[in-house]
Amino acid sequence: MGFPIYRGRRLRSQAALRAMVAETSLHINDLIYPMFVIHGKDKHLPVTSMPGVYQLSVDRLVNEVKEVKKLGIAAVLLFGIPESKDAEGSSSYQDNGVVQQAIKAIKDCCPELIVVTDVCLCEYTDHGHCGLPDKSGYVDNDATLEILARQALSHVRAGCDIVAPSDMMDGRVGRIRNYLDDNGYIQVPIMAYAAKFASSFYGPFRDAADSTPQFGDRKTYQMDYCNINEALREVAMDIEEGADLVMVKPALAYLDVIKAVKEKFSYPTVAYNVSGEYAMVKAAAEHGWIDEEKVTMEIMTAIKRAGADLIITYAAKDVARYINR
Ligand code: PBG
């Protein structure tokens, strides 16, 4: 097959033709919108490093959720920022905790909206680690599992639809699955942050969630970005332990991992287009250096083309508006 029999440009000559042969599509249903909830009333605090993203009190969160729903977005991902933190992250599993309140409020106003909750300790611990450090500062895997399981159960009791453990402790998916099952919640799916890399692209999130580690880093539990075989092992483990959806995070610098995960497991695959990826686009767009809408749509499509079924993105509302237009 060669020129002039094959002319690639024949199918590129008109917009309608191009649309007919487009191999990848992006739908509003593919989007999950992350939100940060804080205590208090009428609070709406901008996150400086993430233009358009706010820390919201439950009342303001509800207004925002109504808008999200109106745009046609099917799911939100909740992160809680508690009033007080301790070494154990005990505010993470209280029935009246900030996320637990937010879940109830969302389910009261928009029962059909899918509420996913991030299950992790870093927002709730005074040291900012995703688990419980021992005396030497090393995060104790097995001790952390108990707290994660309690946190997941408290979210489910409050009414969330999916729990999403993001801590990267070994065995947490199995532990959470058993704990939910033992308490009668056999139907609640787990979205595992399965291949989560230790990434500098999380910088702005740590401002948003107030979760910067106070000592050391997350490299003893999050993955080394050199590794793809290890990522596949992590995904295999999480699926064996009961994960229903598997996530790769971040997205843009890890499109090869998304592709490999989708091809190998054919599981519902989620990509997290993280805070730093969002901030880079916003910053360049504010300078007028790139076209925000076009670049955003190109990025979203690329993530889908790599094999993601769902995309968690701070740009979800913008993307929904672009698609709706
Ligand atoms: C909690 C968590 C993090 C993110 C999602 N869940 C931060 C981290 O692991 O340091 C990052 C999200 C983002 O950057 O948008 N463990």
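Structure first, text after, so check above.
Basis of the calculations
Residues numbered from 1 in each chain as written. Predicted model: local features only at pLDDT ≥ 70, side-chain atom pairs only at ≥ 80, totals over all residues. Heavy atoms only, no water. Buried < 20%, exposed > 50% of the residue type's maximum accessible area, 1.4 Å probe, protein only. Helix = DSSP H or I, 4+ residues; strand = E, 2+ residues; numbered from the N terminus. Contact = heavy atoms within 4.5 Å. Pairing = 2+ DSSP bridges. Right-handed = clockwise from strand over helix to strand, strands pointing away. Near = heavy atom within 4 Å. Polar contact = N/O pair within 3.5 Å; in protein donor to acceptor, adjacent residues only side chain to side chain. Areas by Shrake-Rupley, 256 points an atom, 1.4 Å probe, with all protein chains shown as cover. Patch = residues over 30% accessible without salt bridge, like charges linked within 9 Å, V, L, I, M, F, W, Y side chains within 5 Å. Salt bridge = Lys/Arg side-chain N within 4 Å of Asp/Glu carboxyl O. Lys, Arg positive; Asp, Glu negative; His and termini not counted. Charge placed at Lys NZ, Arg CZ, Asp CG, Glu CD. Core = buried A, V, L, I, M, F, W, Y, C linked by side-chain atoms within 4.5 Å. Axes fitted to C-alpha atoms, helices over the stretch in contact; angles between N-to-C directions. Parallel < 35°, antiparallel > 145°, perpendicular 65-115°, else oblique. Left-handed = near helix turned anticlockwise from the far one by under 90°. Nonpolar A, V, L, I, M, F, W, Y, C, P; charged D, E, K, R; others polar.

Undergrad: Give a detailed account of helix H11 (residues 316-324), specifying residues and quantitative values.
TA: Residues Ala316, Lys317, Asp318, Val319, Ala320 and Tyr322 constitute the buried set of H11. Those residues of H11 that are buried lie in contact with strand S1 (31-38), helix H2 (58-70), helix H9 (275-286), helix H10 (292-306) and strand S12 (310-313).

Undergrad: Run through the pairing of strand S11 (residues 269-273), naming residues and quoting values.
TA: Buried residues dominate S11, accounting for 5 of its 5 residues. As judged from the 3 bridges shared by strand S10 (residues 245-249) and S11, these two strands associate in the parallel manner. Residue pairing for S11: Val248 is matched across the bridge by Ala271. Between S10 and its parallel partner S11, the chain crosses via helix H8 (residues 255-265), and the hand of that crossover is right-handed. As paired strands, S11 and S12 are joined by 4 bridges and run parallel to one another.

Undergrad: I'd like to hear about the site of the ligand, residue by residue, with values.
TA: In the vicinity of the ligand there are 19 residues, among which Lys196, Arg206, Lys249, Ser275 and Tyr314 approach most closely. Between Arg206 and the ligand, the recorded distance is 2.6 Å, taken from a side-chain N or O atom to an oxygen atom. The separation between an oxygen atom of the ligand and a polar side-chain atom of Arg218 is 2.9 Å. Expressed as a share of its isolated accessible area of 400 Å², the protein-covered part of the ligand is 100%. Only strand S9 (191-196) and helix H6 (203-208) provide two or more residues apiece to the shell around the ligand.

Undergrad: So what's going on with a positive patch on the surface? Residues and values would help.
TA: The grouping of Arg7, Arg9, Arg10 and Arg12 at the surface amounts to a positive patch. Turning to its location among the elements, Arg7 is positioned in the segment before helix H1 (15-20).

Undergrad: Which residues make up the nonpolar core, and what are the values?
TA: Inside soluble globular proteins, nonpolar side chains tend to come together where they are buried. Counting residues in hydrophobic clusters, the biggest one holds 109 residues, and the most contacted among them are Phe36, Leu61, Val76, Leu78, Val163, Met191 and Tyr272. With residues near it in sequence (within four places) discarded, Leu61 still touches Met35, Val37, Leu56, Leu78, Ala102 and Ile106.

Undergrad: Explain the packing of H9 against H10 to me, and be specific about the residues and the numbers.
TA: The contact between H9 and H10 brings their axes to 10 Å, and the two run at 155°. With respect to H10, the element H9 is oriented roughly antiparallel. Every pair of crossing elements has a handedness; the one defined by H9 and H10 is right-handed. Packed against H9, whose contacting residues are Val281, Lys282 and Ala285, the element H10 presents Glu292, Val295, Thr296 and Ile299 at the interface. Looking at the contact of H9 with H10, its residues break down into 4 nonpolar, 1 polar and 2 charged.

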